[in-house]
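Remarks on the overall topology
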Amino acid sequence: MKEKDEIWLIRKLLSRPNYAVLKLLIEKSPRTTKEIYAVLGKKFTRKTLIITLRELSMTLNVLQPTHIRTEHGYGLGYNINPKLKEIIKTIGKFEKAIESFTNVKSD
């Protein structure tokens, strides 16, 4: 295991699959696992998304599993922990500010 520094947790949250899931849930929350797979399935493998959801919900406590009413009853979905929603939004604002200073655009 690599040694953890002062910002290891931020790096963990900003990894490509983790941040993609968080950004998706900021747009609309809660979302079912099927919705997450449908939107992000072209960028990441299903296995990566399963590991990401498990890590964000169980290990890091960033996502909160919830029941969502579907046309077939109830399904499993995810919400962002309310304490972290503002932090995720702020990270997006920082990204835009850094882009304006550096003239480098994100994909």
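Presented here is a report on the structure given in the accompanying data block. Predicted, not measured: the structure shown is a model, and the values here were computed from it. (Residues numbered from 1 in each chain as written. Predicted model: local features only at pLDDT ≥ 70, side-chain atom pairs only at ≥ 80, totals over all residues. Heavy atoms only, no water.)

On to the overall build of the protein chain. Helix and strand content of the protein chain: 5 helices and 3 strands. Reading the secondary structure of the protein chain in the N-to-C direction produces α-α-β-α-α-β-β-α. The principal-axis extents of the C-alpha atoms in the protein chain amount to approximately 50 × 35 × 30 Å. Evaluated residue by residue, the protein chain yields a buried proportion of 31% over its 107 residues. Within the protein chain, contacts between residues separated by at least 24 positions form 46% of all contacts whose residues are at least 6 apart in sequence. (Helix = DSSP H or I, 4+ residues; strand = E, 2+ residues; numbered from the N terminus. Buried < 20%, exposed > 50% of the residue type's maximum accessible area, 1.4 Å probe, protein only. Contact = heavy atoms within 4.5 Å.)

Ordered by their spatial adjacency, 3 strands build an open sheet running 1-3-2, and the pairing between neighbours is antiparallel. The two strands at the open ends of the sheet, each matched to only one other strand, are strand 1 (31–32) and strand 2 (63–70). Alignment of strand 2 against strand 3 (residues 73–80), held across 8 bridges, turns out to be antiparallel. Looking at the pairing, arginine 69 lines up with tyrosine 74 of strand 3. (Pairing = 2+ DSSP bridges.)

Here we come to a nonpolar patch on the surface. Where nonpolar side chains cluster on the molecular surface, the patch consists of Ile7, Ile10 and Leu14 and spans about 250 Å² of accessible area. Structurally, leucine 14 is set in the loop between helix 1 (8–13) and helix 2 (16–27). Given a relative accessible area of 38%, leucine 14 falls into the partly exposed group. (Patch = residues over 30% accessible without salt bridge, like charges linked within 9 Å, V, L, I, M, F, W, Y side chains within 5 Å. Areas by Shrake-Rupley, 256 points an atom, 1.4 Å probe, with all protein chains shown as cover. Salt bridge = Lys/Arg side-chain N within 4 Å of Asp/Glu carboxyl O.)

Where strand 1 meets strand 3, 2 bridges bridge the pair, whose relative direction is antiparallel. Across the sheet, residue arginine 31 finds its bridge partner in strand 3, namely tyrosine 78. Remark: 2 residues form the turn of the hairpin made by strand 2 and strand 3, two consecutive strands paired antiparallel.

Val21, Leu22, Ile36, Leu40, Leu56 and Leu63 are the most contacted members of the largest nonpolar core, which has 19 residues in total. For this core, the secondary structure elements donating two or more residues are helix 2, helix 3 (33–40), helix 4 (46–59) and strand 3. The greatest single-element share of this core, amounting to 5 residues, is contributed by helix 2. With residues up to four places along the chain from it excluded, the contact list for leucine 22 reads Leu13, Leu56, Val62, Leu63, Ile80 and Ile88. (Core = buried A, V, L, I, M, F, W, Y, C linked by side-chain atoms within 4.5 Å.)

A few words now on unusual backbone geometry. Here the residue pair serine 29 and proline 30 is connected by a cis peptide bond, since its omega of 0° sits within 30 degrees of zero. Among the structural elements, proline 30 can be located in the loop between helix 2 and strand 1. You will see that asparagine 61, though not glycine, has its phi angle at about 60°, which is positive. Note that asparagine 61 resides in the loop between helix 4 and strand 2. Since its relative accessible area comes to 45%, asparagine 61 is described here as partly exposed.

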